[in-house]
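# What the coordinates show
One letter stands for each residue in the lines below.
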Amino acid sequence: MASVTNTYARALADVLMDTKADAAKALQEAQGLSQLVAGNKTLREVWEAPSITAEQKRAVLDAIVKEEGISRPVRNFIAVLIDHRRINFLAPIVKQLEVELNQRLGFVEADIRSARELTEQERRGLESDLNGLTGKKIRAKYSRDTLVLGGAVVQIGSTIYDGSVKGQLERLRAELAGA
């Protein structure tokens, strides 16, 4: 499955970069279609049914595209998935597309958990610090976490930066125990 998702995600990213399309808008459209397919059993069954012709499936797609104002590259991409009977991979492909576009555009995803809602100024400061730390532009997703006593815990990929009070106390305890 990873091979399929990577191949299709890279192909769409290539098209978006080559045509200088609005990558953020295209990603948003692809995510919207992915959610539509995931949330609509009938649509999913139609697009996955081998007994329904590709032309009929594309006609349904075109109606959705017209209604939602979906861009040409995203429409064509979904049509390719339908034609190659890969529509069932849409959600993981779109997830991988986000990763691929972030890499190409120099962004990195950061999950930031804090005990309380951070102010806009605190968010900008934290993102600025993370930009300097990673050398990349940060796309932050914020959430509140009652297990974080104070400060914040940031996860970028598999790396965790623990600036929480609990993390600081644990580091202090380890220092004292080692001394």
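Scroll up for the structure.
This text gives an overview of the structure that appears in the document.

Analysis parameters
- Residues numbered from 1 in each chain as written.
- Predicted model: local features only at pLDDT ≥ 70, side-chain atom pairs only at ≥ 80, totals over all residues.
- Heavy atoms only, no water.
- Helix = DSSP H or I, 4+ residues; strand = E, 2+ residues; numbered from the N terminus.
- Rg over C-alpha atoms; globule rule 2.2 N^0.38 Å.
- Buried < 20%, exposed > 50% of the residue type's maximum accessible area, 1.4 Å probe, protein only.
- Contact = heavy atoms within 4.5 Å.
- Areas by Shrake-Rupley, 256 points an atom, 1.4 Å probe, with all protein chains shown as cover.
- Lys, Arg positive; Asp, Glu negative; His and termini not counted.
- Charge placed at Lys NZ, Arg CZ, Asp CG, Glu CD.
- Polar contact = N/O pair within 3.5 Å; in protein donor to acceptor, adjacent residues only side chain to side chain.
- Pairing = 2+ DSSP bridges.
- Axes fitted to C-alpha atoms, helices over the stretch in contact; angles between N-to-C directions.
- Parallel < 35°, antiparallel > 145°, perpendicular 65-115°, else oblique.
- Nonpolar A, V, L, I, M, F, W, Y, C, P; charged D, E, K, R; others polar.
- Core = buried A, V, L, I, M, F, W, Y, C linked by side-chain atoms within 4.5 Å.

## Some thoughts on the overall build of the protein chain
When its secondary structure is counted, the protein chain shows 8 helices and 4 strands. For a compact globule of 179 residues, the expected C-alpha radius of gyration is about 16 Å, and the protein chain comes in at 21 Å, more than 25% above that figure. Dimensions along the principal axes, computed over C-alpha positions, put the protein chain at roughly 70 × 35 × 30 Å. With 179 residues in all, the protein chain has 32% of them scored as buried. Taking the intrachain contacts of the protein chain between residues at least 6 apart in sequence as the baseline, contacts between residues at least 24 apart amount to 65%. On the protein chain, roughly 11000 Å² of surface is accessible, and the fraction owed to carbon and sulfur atoms is 52%. Across the protein chain, the mean location of the 26 positive side-chain charges is 3 Å away from that of the 24 negative side-chain charges.

## Topic: the side chain of E29
Mapped onto the fold, E29 is located in helix α2 (residues 23–39). There is a polar contact of 2.6 Å between the side chain of E29 and the side chain of S71. In contact with E29, other than residues within four places in its own chain, are G69, I70, S71 and V74.

## Details of the pairing of strand β1 (residues 107–114)
Regular strands show a simple pattern: their side chains alternate between the two faces of the sheet. Residues V108, A110, I112 and S114 line the buried face of β1, whereas the alternating positions F107, E109, D111 and R113 sit on a face that is not buried. As judged from the 8 bridges shared by β1 and strand β2 (residues 137–144), these two strands associate in the parallel manner. Among the inter-strand pairings, A110 is bridged to a residue of β2, identified as A140. Taken together, the 4 bridges between β1 and strand β3 (residues 152–156) define a ladder with antiparallel strand orientation. Bridging across to β3, S114 finds its partner in A152.

## With respect to the environment of D111
The residue D111 is located in strand β1 in this model. Judged by relative accessible area, which is 40%, D111 ranks as partly exposed. Along the primary structure D111 and G163 are separated by 52 residues, whereas in three dimensions their C-alpha atoms are 13 Å apart. Setting aside residues no more than four positions away along its own chain, D111 makes contact with K141, V153, V154 and Q155.

## Here we look at the packing of α2 against helix α3 (residues 41–48)
Where α2 meets α3, the closest approach of the two axes is 5 Å, and the angle between their N-to-C directions is 100°. The angle between the axes of α2 and α3 places the two elements in the roughly perpendicular class. Residue-level contacts link L36, V37, A38 and G39 of α2 to K41, L43, R44 and W47 of α3. Along the lines of polarity and charge, the residues of the contact of α2 with α3 split into 5 nonpolar, 1 polar and 2 charged.

## Comments concerning the nonpolar core
Within soluble globular proteins, side chains that are nonpolar generally end up buried alongside one another. W47, F77, I78, L81, L90 and L97 are the most contacted members of the largest nonpolar core, which has 31 residues in total. Only α1 (2–18), α2, α3, α4 (54–68), α5 (72–83) and α6 (90–105) provide two or more residues apiece to this core. Here L81 is in contact with Y8, R86, I87, L90 and I93, once residues within four sequence places are set aside. Counting residues in hydrophobic clusters, the runner-up holds 9 residues, among them V108, L130, A152 and V154.

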